[in-house]
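Below, each chain spelled out in residue letters.
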Amino acid sequence: MDLDVVHTFVVAADAGQFQKAAAVLSITQQAVSKRISMLEKELDVRLFTRTARGAQLTIDGQAFLPHARELVRVQRRAADSVRPGRRALRIDVMSYRTAPAAVVRGFHQAYPEIELDLVTIVDSAPAAIAAIEAGTIDASFRAVGSPVSRLPPGIAAMPAVDDAHQLLVGPAHPLASARSVTLVELVGQRIWMPGMLPGSEWDLYYYDLADAFGLTIERVGPHFGTEHVLDVLAESETLGNLAGEHTKYLWPDRYDLRRIPIQDPTPVYPMSLIWRHDNPHPALARLRDHLATRRTGVSDSDVWIPSWGRRKA
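Throughout this document, residue positions are counted from 1 along each chain, in the order its sequence is written. Note on the predicted model: pLDDT of at least 70 is required for a residue's local features to be given, and 80 or more for side-chain atom pairs to be given and counted; whole-chain, interface and lining totals, by contrast, use all residues. Excluding hydrogens and water, the side-chain values take into account all heavy atoms of the structure.

Thoughts on the overall build of the protein
Argument step 1. Strands here are runs of E lasting at least two residues and helices are runs of H or I lasting at least four, both read from the DSSP assignment and numbered beginning at the N terminus. A tally of helices and strands in the protein yields nine helices and 13 strands.
Argument step 2. With the radius of gyration taken over C-alpha atoms, the globule rule is written as 2.2 Å times the number of residues to the power 0.38. Over its C-alpha atoms the protein spans a radius of gyration of 29 Å, topping by over 25% the 20 Å that the globule rule assigns to 313 residues.
Argument step 3. Its C-alpha atoms give the protein principal-axis dimensions of roughly 90 × 45 × 30 Å.
Argument step 4. Here's how the labels work: a residue is buried when its accessible area is under 20% of the maximum for its type, exposed when over 50%, partly exposed in between, all with a 1.4 Å probe on protein chains only. For the protein, buried positions account for 44% of its 313 residues.
Argument step 5. For the protein, the share of sequence-separated contacts (at least 6 apart) that also reach a separation of at least 24 residues comes to 74%.
Argument step 6. If you sum the accessible surface of the protein, you get close to 16,300 Å²; carbon and sulfur atoms cover 51% of it.
Argument step 7. In this count, Lys and Arg are taken as positive residues and Asp and Glu as negative ones, while His and the chain termini are left out. The location of each charge is read from NZ of Lys, CZ of Arg, CG of Asp or CD of Glu. In the protein, 34 positive and 36 negative side-chain charges are present, and the distance between their average locations comes to 9 Å. We call two residues in contact whenever any of their non-hydrogen atoms come within 4.5 Å of each other. Surface accessibility follows the Shrake-Rupley procedure with a 1.4 Å probe radius. Residue values consider only the protein chains on display as shielding.

Here you go:
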(Lines give C-alpha, C1' and ligand atoms only; values in the text may rest on other atoms or scores of the structure.)
Protein backbone atom coordinates (compact mmCIF):
# COMPACT_ATOMS: atom_id res chain seq x y z
CA MET A 1 0.00 0.00 0.00
CA ASP A 2 1.44 3.35 -1.09
CA LEU A 3 1.67 5.52 2.03
CA ASP A 4 1.59 8.72 -0.02
CA VAL A 5 -1.80 7.59 -1.28
CA VAL A 6 -2.94 6.83 2.28
CA HIS A 7 -1.75 10.27 3.39
CA THR A 8 -3.72 11.83 0.55
CA PHE A 9 -6.83 9.98 1.74
CA VAL A 10 -6.40 11.31 5.29
CA VAL A 11 -5.91 14.89 4.09
CA ALA A 12 -8.93 14.64 1.81
CA ALA A 13 -11.06 13.23 4.63
CA ASP A 14 -10.05 16.11 6.91
CA ALA A 15 -10.51 18.75 4.21
CA GLY A 16 -13.86 17.47 2.97
CA GLN A 17 -12.99 18.57 -0.56
CA PHE A 18 -10.45 17.25 -3.05
CA GLN A 19 -9.63 20.81 -4.09
CA LYS A 20 -8.70 21.80 -0.54
CA ALA A 21 -6.72 18.60 -0.14
CA ALA A 22 -4.80 19.42 -3.32
CA ALA A 23 -3.89 22.84 -1.91
CA VAL A 24 -2.65 21.30 1.34
CA LEU A 25 -0.55 18.71 -0.49
CA SER A 26 0.65 21.14 -3.21
CA ILE A 27 -0.55 18.86 -5.98
CA THR A 28 -3.39 19.12 -8.52
CA GLN A 29 -6.98 18.17 -7.78
CA GLN A 30 -6.69 15.62 -10.58
CA ALA A 31 -3.74 14.00 -8.76
CA VAL A 32 -5.80 13.77 -5.57
CA SER A 33 -8.65 12.10 -7.44
CA LYS A 34 -6.26 9.68 -9.11
CA ARG A 35 -4.68 8.68 -5.78
CA ILE A 36 -8.05 8.14 -4.14
CA SER A 37 -9.19 6.03 -7.09
CA MET A 38 -6.02 3.92 -6.81
CA LEU A 39 -6.69 3.33 -3.11
CA GLU A 40 -10.34 2.47 -3.70
CA LYS A 41 -9.33 0.02 -6.39
CA GLU A 42 -6.74 -1.61 -4.14
CA LEU A 43 -9.22 -1.92 -1.25
CA ASP A 44 -12.13 -2.77 -3.57
CA VAL A 45 -14.46 -0.32 -1.78
CA ARG A 46 -15.80 3.21 -2.23
CA LEU A 47 -14.16 5.57 0.27
CA PHE A 48 -15.86 8.81 -0.70
CA THR A 49 -19.23 9.87 -2.04
CA ARG A 50 -18.77 12.84 -4.38
CA THR A 51 -21.37 15.55 -3.89
CA ALA A 52 -21.81 19.13 -5.02
CA ARG A 53 -20.59 20.28 -1.60
CA GLY A 54 -17.46 18.16 -1.66
CA ALA A 55 -16.48 14.62 -0.73
CA GLN A 56 -18.09 12.73 2.12
CA LEU A 57 -16.74 9.54 3.62
CA THR A 58 -18.70 6.37 3.01
CA ILE A 59 -19.19 3.86 5.81
CA ASP A 60 -16.15 2.02 4.51
CA GLY A 61 -14.20 5.27 4.40
CA GLN A 62 -15.13 6.02 8.01
CA ALA A 63 -14.00 2.53 9.03
CA PHE A 64 -10.69 2.89 7.19
CA LEU A 65 -9.86 6.42 8.41
CA PRO A 66 -8.50 5.64 11.92
CA HIS A 67 -6.28 2.92 10.49
CA ALA A 68 -5.07 5.27 7.77
CA ARG A 69 -4.20 7.88 10.41
CA GLU A 70 -2.18 5.28 12.30
CA LEU A 71 -0.31 4.28 9.13
CA VAL A 72 0.62 7.92 8.54
CA ARG A 73 1.72 8.33 12.18
CA VAL A 74 3.87 5.20 12.02
CA GLN A 75 5.47 6.42 8.80
CA ARG A 76 6.25 9.78 10.41
CA ARG A 77 7.68 8.17 13.55
CA ALA A 78 9.84 5.84 11.45
CA ALA A 79 11.26 8.76 9.48
CA ASP A 80 11.78 10.89 12.59
CA SER A 81 13.67 8.04 14.28
CA VAL A 82 16.58 8.54 11.86
CA ARG A 83 16.39 12.28 11.24
CA PRO A 84 18.91 14.28 13.31
CA GLY A 85 17.01 16.75 15.42
CA ARG A 86 13.73 14.83 15.16
CA ARG A 87 14.69 11.61 16.89
CA ALA A 88 15.62 11.43 20.56
CA LEU A 89 19.24 12.04 21.54
CA ARG A 90 20.52 8.65 22.72
CA ILE A 91 23.00 8.90 25.59
CA ASP A 92 24.81 6.23 27.60
CA VAL A 93 24.94 7.27 31.27
CA MET A 94 26.58 4.06 32.56
CA SER A 95 24.20 3.88 35.55
CA TYR A 96 21.11 5.77 36.60
CA ARG A 97 22.65 6.28 40.07
CA THR A 98 25.89 8.01 39.10
CA ALA A 99 27.26 11.40 38.04
CA PRO A 100 26.46 11.16 34.29
CA ALA A 101 22.78 10.59 35.07
CA ALA A 102 22.81 13.63 37.37
CA VAL A 103 24.38 15.73 34.61
CA VAL A 104 21.79 14.63 32.06
CA ARG A 105 18.98 15.30 34.54
CA GLY A 106 20.26 18.86 34.80
CA PHE A 107 20.36 19.13 31.01
CA HIS A 108 16.77 17.88 30.79
CA GLN A 109 15.64 20.43 33.38
CA ALA A 110 17.31 23.19 31.36
CA TYR A 111 15.93 21.97 28.00
CA PRO A 112 12.75 19.93 28.66
CA GLU A 113 11.74 20.22 25.01
CA ILE A 114 14.68 18.02 23.90
CA GLU A 115 13.71 14.37 23.76
CA LEU A 116 16.24 12.03 25.38
CA ASP A 117 16.72 8.27 25.24
CA LEU A 118 18.95 7.06 28.07
CA VAL A 119 20.77 3.73 28.03
CA THR A 120 23.25 2.12 30.40
CA ILE A 121 26.26 0.33 28.96
CA VAL A 122 27.73 -1.32 32.02
CA ASP A 123 30.75 -2.68 30.18
CA SER A 124 33.96 -0.66 30.11
CA ALA A 125 34.84 2.17 27.74
CA PRO A 126 35.59 0.00 24.66
CA ALA A 127 31.94 -1.12 24.57
CA ALA A 128 30.69 2.48 24.70
CA ILE A 129 33.21 3.60 22.08
CA ALA A 130 32.16 0.75 19.79
CA ALA A 131 28.50 1.75 20.19
CA ILE A 132 29.33 5.36 19.26
CA GLU A 133 31.31 4.23 16.22
CA ALA A 134 28.43 1.98 15.14
CA GLY A 135 25.92 4.81 15.58
CA THR A 136 23.74 2.93 18.09
CA ILE A 137 24.23 5.76 20.61
CA ASP A 138 25.02 9.44 20.13
CA ALA A 139 27.23 9.99 23.17
CA SER A 140 28.57 8.46 26.36
CA PHE A 141 30.19 9.58 29.60
CA ARG A 142 33.55 7.91 30.23
CA ALA A 143 36.92 8.43 31.86
CA VAL A 144 39.18 8.53 28.83
CA GLY A 145 42.92 8.29 28.42
CA SER A 146 43.65 5.05 30.24
CA PRO A 147 45.20 2.12 28.36
CA VAL A 148 41.69 0.69 27.88
CA SER A 149 39.86 3.95 27.15
CA ARG A 150 41.98 5.76 24.58
CA LEU A 151 39.86 7.26 21.85
CA PRO A 152 40.22 6.15 18.23
CA PRO A 153 40.25 8.66 15.35
CA GLY A 154 36.85 10.17 14.77
CA ILE A 155 35.77 10.14 18.42
CA ALA A 156 35.83 13.52 20.17
CA ALA A 157 35.76 14.27 23.89
CA MET A 158 35.27 17.16 26.28
CA PRO A 159 35.37 17.43 30.10
CA ALA A 160 31.94 16.75 31.56
CA VAL A 161 32.00 16.26 35.33
CA ASP A 162 34.71 15.65 37.92
CA ASP A 163 33.11 13.28 40.42
CA ALA A 164 34.74 13.75 43.83
CA HIS A 165 34.89 10.69 46.05
CA GLN A 166 33.51 10.42 49.56
CA LEU A 167 34.05 7.77 52.20
CA LEU A 168 30.90 5.76 52.90
CA VAL A 169 30.86 3.94 56.27
CA GLY A 170 28.46 2.57 58.85
CA PRO A 171 27.89 4.12 62.32
CA ALA A 172 30.26 1.69 64.06
CA HIS A 173 33.25 2.52 61.84
CA PRO A 174 36.15 4.34 63.58
CA LEU A 175 35.86 7.26 61.15
CA ALA A 176 32.07 7.53 61.32
CA SER A 177 32.10 10.74 63.36
CA ALA A 178 34.70 12.53 61.23
CA ARG A 179 33.54 15.64 59.35
CA SER A 180 36.19 14.98 56.69
CA VAL A 181 39.11 12.61 56.18
CA THR A 182 42.36 12.68 54.24
CA LEU A 183 43.81 9.97 52.06
CA VAL A 184 46.61 9.63 54.59
CA GLU A 185 44.03 8.77 57.26
CA LEU A 186 42.64 6.07 55.00
CA VAL A 187 45.95 4.19 54.89
CA GLY A 188 45.41 0.90 56.72
CA GLN A 189 41.61 1.14 56.46
CA ARG A 190 39.75 -1.57 54.54
CA ILE A 191 38.06 -0.06 51.50
CA TRP A 192 35.65 -2.59 50.03
CA MET A 193 34.78 -2.19 46.32
CA PRO A 194 33.15 -5.44 45.09
CA GLY A 195 31.95 -5.86 41.53
CA MET A 196 34.91 -4.14 39.90
CA LEU A 197 35.08 -5.10 36.24
CA PRO A 198 38.66 -6.33 35.68
CA GLY A 199 40.55 -4.25 33.13
CA SER A 200 37.95 -1.48 33.02
CA GLU A 201 38.86 2.20 33.20
CA TRP A 202 37.50 2.45 36.75
CA ASP A 203 39.42 -0.68 37.79
CA LEU A 204 42.61 1.06 36.60
CA TYR A 205 41.55 4.26 38.38
CA TYR A 206 41.24 2.55 41.78
CA TYR A 207 44.45 0.58 41.19
CA ASP A 208 46.33 3.83 40.54
CA LEU A 209 44.69 5.51 43.55
CA ALA A 210 45.69 2.66 45.86
CA ASP A 211 49.22 2.64 44.46
CA ALA A 212 49.66 6.41 44.79
CA PHE A 213 48.60 6.60 48.46
CA GLY A 214 49.22 3.11 49.81
CA LEU A 215 45.52 2.34 50.26
CA THR A 216 44.00 -1.10 50.74
CA ILE A 217 41.20 -1.45 48.20
CA GLU A 218 39.60 -4.89 48.36
CA ARG A 219 37.72 -6.29 45.37
CA VAL A 220 36.95 -9.67 46.98
CA GLY A 221 33.57 -11.36 47.14
CA PRO A 222 30.68 -11.66 44.72
CA HIS A 223 28.73 -8.49 43.95
CA PHE A 224 25.07 -8.89 44.87
CA GLY A 225 24.19 -5.29 44.00
CA THR A 226 24.33 -1.90 45.65
CA GLU A 227 21.71 -2.77 48.28
CA HIS A 228 23.86 -5.64 49.52
CA VAL A 229 26.90 -3.35 49.79
CA LEU A 230 24.87 -0.91 51.90
CA ASP A 231 23.62 -3.77 54.10
CA VAL A 232 27.17 -4.91 54.81
CA LEU A 233 28.54 -1.40 55.45
CA ALA A 234 25.73 -0.65 57.91
CA GLU A 235 26.77 -3.61 60.09
CA SER A 236 30.55 -3.42 59.63
CA GLU A 237 33.06 -1.88 62.05
CA THR A 238 35.94 -2.14 59.58
CA LEU A 239 34.71 -1.77 55.99
CA GLY A 240 34.35 1.47 54.07
CA ASN A 241 33.47 2.24 50.47
CA LEU A 242 34.41 5.02 48.06
CA ALA A 243 31.30 6.67 46.61
CA GLY A 244 31.04 9.47 44.09
CA GLU A 245 29.47 12.61 45.50
CA HIS A 246 26.85 12.56 42.73
CA THR A 247 25.98 8.88 43.23
CA LYS A 248 22.46 8.44 44.55
CA TYR A 249 21.99 5.90 47.33
CA LEU A 250 18.86 5.17 49.33
CA TRP A 251 18.93 3.21 52.58
CA PRO A 252 16.71 2.73 55.63
CA ASP A 253 17.15 5.29 58.41
CA ARG A 254 18.26 2.56 60.79
CA TYR A 255 21.41 2.03 58.72
CA ASP A 256 22.69 5.49 59.72
CA LEU A 257 25.36 5.39 57.01
CA ARG A 258 27.76 8.33 56.81
CA ARG A 259 29.11 10.04 53.67
CA ILE A 260 32.35 11.76 54.61
CA PRO A 261 34.21 14.16 52.26
CA ILE A 262 37.81 13.26 51.41
CA GLN A 263 40.19 16.22 51.33
CA ASP A 264 43.85 17.20 50.85
CA PRO A 265 43.66 15.99 48.09
CA THR A 266 40.20 14.90 46.98
CA PRO A 267 40.27 11.87 44.69
CA VAL A 268 38.28 12.73 41.57
CA TYR A 269 36.99 10.45 38.85
CA PRO A 270 37.24 12.51 35.62
CA MET A 271 34.23 11.98 33.38
CA SER A 272 34.26 13.17 29.77
CA LEU A 273 31.49 13.30 27.21
CA ILE A 274 32.50 11.38 24.10
CA TRP A 275 30.81 11.40 20.69
CA ARG A 276 31.50 10.86 17.01
CA HIS A 277 32.78 14.14 15.62
CA ASP A 278 30.61 13.86 12.48
CA ASN A 279 27.36 13.35 14.43
CA PRO A 280 25.04 16.18 13.24
CA HIS A 281 22.33 15.86 15.90
CA PRO A 282 21.61 19.46 17.01
CA ALA A 283 20.72 18.36 20.55
CA LEU A 284 24.24 16.97 20.89
CA ALA A 285 25.63 20.46 20.29
CA ARG A 286 23.20 21.81 22.90
CA LEU A 287 24.43 19.22 25.39
CA ARG A 288 28.06 20.17 24.77
CA ASP A 289 27.26 23.85 25.24
CA HIS A 290 25.42 23.02 28.46
CA LEU A 291 28.40 21.09 29.81
CA ALA A 292 30.83 23.85 28.82
CA THR A 293 28.86 26.52 30.68
CA ARG A 294 28.04 24.53 33.83
CA ARG A 295 31.42 22.95 34.51
CA THR A 296 33.76 24.72 36.92
CA GLY A 297 37.46 24.09 37.00
CA VAL A 298 39.27 22.69 40.02
CA SER A 299 42.83 23.30 41.11
CA ASP A 300 45.25 20.45 40.55
CA SER A 301 46.59 21.09 44.04
CA ASP A 302 43.19 20.29 45.58
CA VAL A 303 42.41 17.04 43.78
CA TRP A 304 44.00 13.80 42.74
CA ILE A 305 43.36 12.48 39.23
CA PRO A 306 45.38 9.69 37.64
CA SER A 307 47.97 10.95 35.18
CA TRP A 308 46.11 9.38 32.26
CA GLY A 309 42.89 11.15 33.20
CA ARG A 310 44.15 14.73 33.25
CA ARG A 311 42.84 16.91 30.45
CA LYS A 312 42.42 20.54 29.65
CA ALA A 313 39.14 22.11 30.72
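Still more to cover.
Focus on the packing of helix α1 (residues 3–15) against helix α2 (residues 18–25)
Argument step 1. Whenever a helix is involved, its axis is fitted only over the stretch in contact; in every case the axis is a line through C-alpha atoms, and angles between N-to-C directions fall within 0 to 180 degrees. Across the interface, α1 lies against α2 with an axial gap of 8 Å and an inter-helix angle of 125°. Viewed along their axes, α1 and α2 adopt a mutual orientation that is oblique. In terms of crossing hand, the pair formed by α1 and α2 is right-handed. Across the interface between the two elements, H7, T8, V11, A12 and A15 from α1 touch F18, K20, A21, V24 and L25 from α2.
Argument step 2. Residues of the contact of α1 with α2, tallied by class, amount to seven nonpolar, two polar and one charged. Oblique is the label for any angle not under 35 degrees, not over 145, and not in the 65 to 115 range, which are roughly parallel, roughly antiparallel and roughly perpendicular in turn. Here a crossing is taken to be left-handed if its near helix is turned anticlockwise relative to the far helix by less than a right angle, and right-handed if that turn runs clockwise. When residues are grouped by polarity, Ala, Val, Leu, Ile, Met, Phe, Trp, Tyr, Cys and Pro land in nonpolar, Asp, Glu, Lys and Arg in charged, and all others, Gly among them, in polar.

A short note on the pairing of strand β4 (residues 116–119)
Argument step 1. For two strands to be treated as a pair, DSSP must find at least two bridges joining them. Here strand β3 (residues 89–92) runs beside β4; their pairing, made up of four bridges, is parallel. The partner of R90 across the bridge, within β4, is D117.
Argument step 2. Handedness of a crossover is defined as follows: orient the strands so they point away from the viewer, and if the path from the first strand over the helix to the second runs clockwise, the crossover is right-handed. Between the parallel pair β3 and β4, the chain is carried across by helix α5 (residues 99–110), and the sense of this crossover is right-handed.

Quick word on the side chain of Q189
Argument step 1. Structurally, the position occupied by Q189 is in the loop between β7 (181–182) and β8 (190–192).
Argument step 2. A polar contact of 3.5 Å, which involves the side chain of Q189, links it to the side chain of H173.
Argument step 3. Once residues within four sequence positions are removed from consideration, Q189 is found in contact with H173, L175 and T216. What qualifies as a polar contact is a pair of N or O atoms within 3.5 Å, subject to a donor-acceptor requirement within protein and to the restriction that residues adjacent in sequence count only when both atoms come from side chains.

Concerning α5
Owing to its 3.6 residues per turn, the α-helix brings residues three or four apart onto one side.
Argument step 1. A helix is expected to span 1.5 Å multiplied by its residue count minus one. Taking 1.5 Å per residue as the helical rise, α5 with its 12 residues ought to reach 16 Å, and the 17 Å between its terminal C-alpha atoms agrees with that figure.
Argument step 2. Those residues of α5 not exposed but buried are A99, P100, A101, V103, V104 and F107.
Argument step 3. Check the buried side of α5 and you find it contacts β3, β4, β5 (139–142), β6 (155–169), β12 (266–276) and α9 (282–294).

Focus on the environment of I137
Argument step 1. Mapped onto the secondary structure, I137 falls in the loop between α6 (125–134) and β5.
Argument step 2. Residue class for I137 comes out buried when judged on its relative accessible area of 5%.
Argument step 3. Those residues in contact with I137 that lie beyond four places of it in its chain are R90, D92, V119, I121, A128, A131 and I132.

Considering the nonpolar core
Argument step 1. Residues grouped as a nonpolar core are buried Ala, Val, Leu, Ile, Met, Phe, Trp, Tyr and Cys residues, joined through side-chain atoms within 4.5 Å. Grouped together as the largest cluster of nonpolar side chains are 47 residues, with contacts concentrated most on F141, L167, L186, Y206 and L273.
Argument step 2. For this core, the secondary structure elements donating two or more residues are β3, α5, β5, β6, α7 (201–213), β11 (258–263), β12 and α9.
Argument step 3. Per-element accounting of this core gives the leading share, six residues, to β6.
Argument step 4. With residues near it in sequence (within four places) discarded, L186 still touches L167, L175, V181, I191, L215 and I262.

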